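# Secondary and tertiary structure notes
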Amino acid sequence: MRIALDIDGTLGYRNAHVYMKRCNEVLNLNISAETLQDSVSLAVFYQLPEVLAFKESIDASHYRKAIGWIDYDPEVLQTMHLFPGVIEGVALLNQHVGNVTYYTARYSRESPERSQNMATATLTWLDAHDFVNPTSTLFCDGLTGKLRQIAQDIVCHKEPILLIDDQYRRLLASLESLEEDLAQVLHRHTLYNLAQSGRFRQRESLLQW
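Residues numbered from 1 in each chain as written. Predicted model: local features only at pLDDT ≥ 70, side-chain atom pairs only at ≥ 80, totals over all residues. Heavy atoms only, no water.

The topology assignment puts Thr-144 in helix H9 (residues 142-157). At 3.0 Å, the side chain of Thr-144 and the side chain of Ser-177 are in polar contact. Residues in contact with Thr-144, not counting those within four places in the same chain, are Ser-174, Ser-177 and Leu-178. (Helix = DSSP H or I, 4+ residues; strand = E, 2+ residues; numbered from the N terminus. Polar contact = N/O pair within 3.5 Å; in protein donor to acceptor, adjacent residues only side chain to side chain. Contact = heavy atoms within 4.5 Å.)

Attention shifts here to the packing of aromatic side chains. The final tally for this structure, using the stated rule, is 6 aromatic pairs. With 5.1 Å between their ring centres and 35 degrees between their planes, Tyr-13 and Phe-83 make a pair best called tilted. Of this pair, Tyr-13 sits in strand E2 (residues 12-13) while Phe-83 sits in the loop between strand E3 (81-82) and helix H7 (86-96), and the two are 70 residues apart along the sequence. In this structure Tyr-13 comes out as partly exposed when scored by relative accessible area, which is 38%. Ring plane angle 65 degrees and centroid distance 5.7 Å describe the contact between Phe-45 and Tyr-46, whose orientation is recorded as edge-to-face. Taking relative accessible area as the criterion, Phe-45 reaches 0% and is therefore assigned buried. (Phe/Tyr/Trp six-rings, centres within 6.5 Å; stacked < 30°, edge-to-face > 60°. Buried < 20%, exposed > 50% of the residue type's maximum accessible area, 1.4 Å probe, protein only.)

Here we take up helix H1 (residues 16-26). Every buried residue of H1 is listed here: Val-18, Tyr-19, Met-20, Arg-22, Cys-23 and Asn-24. Where H1 begins, the side chain of Asn-15 points an oxygen toward the backbone nitrogen of His-17, at a separation of 3.2 Å. Looking one or two residues beyond H1, the residue adopting positive phi is Asn-28, at roughly 55 degrees.

The subject of this paragraph is the packing of H9 against helix H11 (residues 180-189). Contact geometry of H9 with H11 gives a least axis separation of 9 Å together with a crossing angle of 70 degrees. Considering their axes alone, H9 and H11 lie roughly perpendicular with respect to each other. Considering how the two elements wind past one another, H9 and H11 form a crossing that is left-handed. Between H9, through Leu-147, Arg-148, Ile-150, Ala-151, Gln-152, Ile-154 and Val-155, and H11, the contact on the second element is made entirely by Leu-182, Val-185, Leu-186 and His-189. Here the residues of the contact of H9 with H11 are counted per class, giving 8 nonpolar, 2 polar and 1 charged. (Axes fitted to C-alpha atoms, helices over the stretch in contact; angles between N-to-C directions. Parallel < 35°, antiparallel > 145°, perpendicular 65-115°, else oblique. Left-handed = near helix turned anticlockwise from the far one by under 90°. Nonpolar A, V, L, I, M, F, W, Y, C, P; charged D, E, K, R; others polar.)

Glancing now at the nonpolar core. Ranked by internal contacts, the top residues of the largest apolar core, which has 19 residues, are Ile-150, Leu-178 and Leu-186. Take this core: its biggest share by element is 5 residues, from H9. With 17 residues, the next largest nonpolar core counts Val-18, Cys-23, Phe-45 and Phe-54 among its residues. (Core = buried A, V, L, I, M, F, W, Y, C linked by side-chain atoms within 4.5 Å.)

Following the sequence through the fold, Arg-106 ends up in the loop between strand E4 (99-104) and helix H8 (112-128). Arg-106 sits in the buried class, given a relative accessible area of 0%. A polar contact of 2.7 Å, which involves the side chain of Arg-106, links it to the side chain of Asp-8. Within the local environment of Arg-106, its side chain forms a polar contact with the side chain of Thr-122, the two groups lying 2.7 Å apart. Residues in contact with Arg-106, not counting those within four places in the same chain, are Ile-7, Asp-8, Tyr-72, Leu-77, Met-80, Met-118, Thr-122, Phe-139 and Cys-140.

What the largest pocket holds in volume is close to 640 Å³. Lining the largest pocket are 28 residues, and of these Asp-8, Tyr-72, Ala-105, Arg-106 and Arg-170 lie nearest its centre. Elements that contribute at least two residues to the lining of the largest pocket include exactly E2, helix H5 (60-69), helix H6 (74-78) and H9. When grouped by side-chain class, the residues that make up the lining of the largest pocket number 9 nonpolar, 7 polar and 12 charged. (1 Å grid on protein atoms, 1.4 Å probe; cavity = no way out; pocket = protein on both sides within 12 Å on 5 of 7 lines; lining within 4 Å. Points joined across faces, edges and corners; volume = space filled by probe spheres on them.)

Have a look at this one:
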(Lines give C-alpha, C1' and ligand atoms only; values in the text may rest on other atoms or scores of the structure.)
Protein backbone atom coordinates (compact mmCIF):
# COMPACT_ATOMS: atom_id res chain seq x y z
CA MET A 1 0.00 0.00 0.00
CA ARG A 2 1.09 3.56 -0.70
CA ILE A 3 0.08 6.70 1.20
CA ALA A 4 -0.94 9.81 -0.78
CA LEU A 5 -0.72 12.92 1.37
CA ASP A 6 -2.09 16.33 0.51
CA ILE A 7 -0.12 19.32 1.84
CA ASP A 8 -2.25 22.50 2.10
CA GLY A 9 -4.75 22.19 4.93
CA THR A 10 -3.58 18.64 5.68
CA LEU A 11 0.04 19.02 6.81
CA GLY A 12 0.11 22.76 7.37
CA TYR A 13 -1.70 26.06 7.03
CA ARG A 14 -1.05 29.56 5.77
CA ASN A 15 1.20 32.01 7.64
CA ALA A 16 -1.28 34.89 7.57
CA HIS A 17 1.26 37.61 8.33
CA VAL A 18 3.55 36.58 5.47
CA TYR A 19 0.53 36.21 3.18
CA MET A 20 -0.61 39.78 3.89
CA LYS A 21 2.91 41.11 3.47
CA ARG A 22 3.27 39.43 0.07
CA CYS A 23 -0.19 40.68 -1.00
CA ASN A 24 1.00 44.18 -0.19
CA GLU A 25 4.27 43.75 -2.10
CA VAL A 26 3.08 41.82 -5.16
CA LEU A 27 -0.14 43.76 -5.72
CA ASN A 28 1.44 47.15 -4.90
CA LEU A 29 -1.20 47.95 -2.31
CA ASN A 30 1.00 50.49 -0.48
CA ILE A 31 -0.23 49.51 2.96
CA SER A 32 2.04 50.95 5.63
CA ALA A 33 4.39 48.64 7.49
CA GLU A 34 2.89 49.89 10.74
CA THR A 35 -0.57 48.69 9.73
CA LEU A 36 0.70 45.22 8.85
CA GLN A 37 2.73 45.00 12.05
CA ASP A 38 -0.36 45.57 14.18
CA SER A 39 -1.27 41.85 13.96
CA VAL A 40 -4.24 42.70 11.76
CA SER A 41 -6.51 39.73 11.07
CA LEU A 42 -7.28 38.55 7.54
CA ALA A 43 -10.88 39.70 7.93
CA VAL A 44 -9.66 43.20 8.78
CA PHE A 45 -6.97 43.06 6.08
CA TYR A 46 -9.52 42.44 3.31
CA GLN A 47 -11.44 45.50 4.46
CA LEU A 48 -8.47 47.88 4.51
CA PRO A 49 -8.99 50.89 2.20
CA GLU A 50 -5.97 49.92 0.10
CA VAL A 51 -7.30 46.40 -0.47
CA LEU A 52 -10.81 47.63 -1.26
CA ALA A 53 -9.40 50.19 -3.72
CA PHE A 54 -7.49 47.42 -5.52
CA LYS A 55 -10.61 45.23 -5.56
CA GLU A 56 -12.67 48.02 -7.09
CA SER A 57 -10.04 48.73 -9.76
CA ILE A 58 -10.48 45.34 -11.48
CA ASP A 59 -13.34 42.94 -12.11
CA ALA A 60 -14.26 40.33 -9.51
CA SER A 61 -12.75 37.33 -11.31
CA HIS A 62 -9.38 39.04 -11.77
CA TYR A 63 -9.40 40.11 -8.12
CA ARG A 64 -10.03 36.54 -6.93
CA LYS A 65 -7.30 35.23 -9.21
CA ALA A 66 -4.77 37.89 -8.19
CA ILE A 67 -5.37 37.51 -4.47
CA GLY A 68 -5.65 33.72 -4.74
CA TRP A 69 -2.26 33.23 -6.37
CA ILE A 70 -0.56 34.91 -3.40
CA ASP A 71 -1.30 31.71 -1.46
CA TYR A 72 1.19 30.00 -3.80
CA ASP A 73 3.89 32.65 -3.61
CA PRO A 74 7.18 30.88 -2.75
CA GLU A 75 7.69 32.95 0.41
CA VAL A 76 4.18 32.10 1.61
CA LEU A 77 4.67 28.40 0.85
CA GLN A 78 8.03 28.22 2.62
CA THR A 79 6.65 29.81 5.80
CA MET A 80 3.54 27.66 6.23
CA HIS A 81 2.76 26.67 9.81
CA LEU A 82 2.69 22.99 10.74
CA PHE A 83 -0.26 21.27 12.34
CA PRO A 84 0.73 19.80 15.74
CA GLY A 85 2.24 16.32 15.57
CA VAL A 86 2.09 16.12 11.78
CA ILE A 87 5.76 15.26 11.22
CA GLU A 88 5.62 12.38 13.69
CA GLY A 89 2.31 11.22 12.25
CA VAL A 90 3.63 11.12 8.69
CA ALA A 91 6.72 9.22 9.86
CA LEU A 92 4.53 6.63 11.58
CA LEU A 93 2.39 6.22 8.46
CA ASN A 94 5.51 5.69 6.39
CA GLN A 95 6.92 3.17 8.88
CA HIS A 96 3.84 1.11 9.67
CA VAL A 97 1.33 1.57 6.82
CA GLY A 98 3.02 2.29 3.49
CA ASN A 99 5.40 4.49 1.55
CA VAL A 100 4.44 8.16 1.69
CA THR A 101 4.14 10.30 -1.43
CA TYR A 102 2.92 13.90 -1.42
CA TYR A 103 0.25 14.82 -3.98
CA THR A 104 -0.43 18.53 -4.35
CA ALA A 105 -2.31 20.76 -6.78
CA ARG A 106 0.42 23.41 -6.63
CA TYR A 107 0.65 23.71 -10.38
CA SER A 108 -0.01 26.34 -13.06
CA ARG A 109 -0.93 25.18 -16.54
CA GLU A 110 -0.31 28.70 -17.90
CA SER A 111 3.07 29.38 -16.30
CA PRO A 112 5.90 26.82 -16.19
CA GLU A 113 7.97 29.34 -14.24
CA ARG A 114 5.30 29.66 -11.56
CA SER A 115 4.99 25.87 -11.39
CA GLN A 116 8.75 25.53 -10.93
CA ASN A 117 8.81 28.17 -8.20
CA MET A 118 5.98 26.43 -6.34
CA ALA A 119 7.70 23.07 -6.69
CA THR A 120 11.01 24.42 -5.37
CA ALA A 121 9.30 26.11 -2.40
CA THR A 122 7.33 22.95 -1.62
CA LEU A 123 10.36 20.67 -1.62
CA THR A 124 12.31 23.20 0.46
CA TRP A 125 9.52 23.33 3.07
CA LEU A 126 9.17 19.55 3.29
CA ASP A 127 12.93 19.09 3.63
CA ALA A 128 13.35 21.93 6.14
CA HIS A 129 10.81 20.30 8.46
CA ASP A 130 12.31 16.82 8.11
CA PHE A 131 9.30 15.17 6.51
CA VAL A 132 9.99 11.66 5.26
CA ASN A 133 10.50 11.24 1.51
CA PRO A 134 10.48 15.00 0.76
CA THR A 135 11.45 14.50 -2.89
CA SER A 136 8.63 11.99 -3.45
CA THR A 137 6.21 14.75 -4.41
CA LEU A 138 3.81 14.92 -7.36
CA PHE A 139 2.46 18.24 -8.63
CA CYS A 140 -1.01 17.81 -10.12
CA ASP A 141 -3.17 19.99 -12.35
CA GLY A 142 -6.03 20.72 -9.96
CA LEU A 143 -8.19 18.25 -8.06
CA THR A 144 -9.15 16.30 -11.16
CA GLY A 145 -5.46 16.07 -12.04
CA LYS A 146 -4.76 14.70 -8.58
CA LEU A 147 -7.40 11.99 -9.01
CA ARG A 148 -6.05 11.20 -12.46
CA GLN A 149 -2.52 10.80 -11.09
CA ILE A 150 -3.70 8.55 -8.27
CA ALA A 151 -5.65 6.31 -10.65
CA GLN A 152 -2.70 6.08 -13.04
CA ASP A 153 -0.39 5.20 -10.15
CA ILE A 154 -2.72 2.42 -9.01
CA VAL A 155 -2.64 0.95 -12.51
CA CYS A 156 1.14 1.39 -12.83
CA HIS A 157 2.20 0.07 -9.42
CA LYS A 158 -0.66 -2.42 -8.97
CA GLU A 159 -1.18 -1.57 -5.33
CA PRO A 160 -3.83 0.42 -3.44
CA ILE A 161 -3.35 4.03 -2.39
CA LEU A 162 -4.62 5.58 0.84
CA LEU A 163 -5.40 9.26 0.23
CA ILE A 164 -5.44 11.73 3.13
CA ASP A 165 -6.75 15.11 1.99
CA ASP A 166 -8.76 17.86 3.68
CA GLN A 167 -10.57 18.56 0.38
CA TYR A 168 -12.17 15.14 0.16
CA ARG A 169 -15.65 16.49 -0.60
CA ARG A 170 -14.37 18.52 -3.54
CA LEU A 171 -12.32 15.54 -4.69
CA LEU A 172 -15.36 13.32 -4.69
CA ALA A 173 -17.27 15.93 -6.69
CA SER A 174 -14.36 16.07 -9.15
CA LEU A 175 -14.74 12.37 -9.88
CA GLU A 176 -17.59 13.30 -12.22
CA SER A 177 -15.17 15.10 -14.54
CA LEU A 178 -12.56 12.31 -14.57
CA GLU A 179 -12.20 10.00 -17.55
CA GLU A 180 -14.56 7.03 -17.16
CA ASP A 181 -11.86 4.35 -17.20
CA LEU A 182 -9.80 6.10 -14.52
CA ALA A 183 -12.88 6.83 -12.42
CA GLN A 184 -13.69 3.13 -12.51
CA VAL A 185 -10.17 2.31 -11.32
CA LEU A 186 -10.82 4.42 -8.22
CA HIS A 187 -14.30 2.97 -7.85
CA ARG A 188 -12.98 -0.62 -7.90
CA HIS A 189 -10.24 0.07 -5.35
CA THR A 190 -12.17 1.98 -2.70
CA LEU A 191 -12.90 0.36 0.67
CA TYR A 192 -16.07 2.40 1.12
CA ASN A 193 -19.38 2.41 -0.67
CA LEU A 194 -19.17 5.64 -2.65
CA ALA A 195 -22.05 4.89 -5.02
CA GLN A 196 -25.41 6.41 -4.19
CA SER A 197 -26.43 9.44 -6.20
CA GLY A 198 -24.69 9.85 -9.54
CA ARG A 199 -21.44 7.90 -9.76
CA PHE A 200 -20.14 8.35 -6.22
CA ARG A 201 -21.03 9.81 -2.87
CA GLN A 202 -18.97 10.95 0.11
CA ARG A 203 -18.99 8.69 3.13
CA GLU A 204 -15.65 9.06 4.87
CA SER A 205 -13.02 11.76 5.22
CA LEU A 206 -10.29 9.15 4.79
CA LEU A 207 -10.44 7.50 1.38
CA GLN A 208 -8.57 4.42 0.26
CA TRP A 209 -7.96 3.75 -3.41
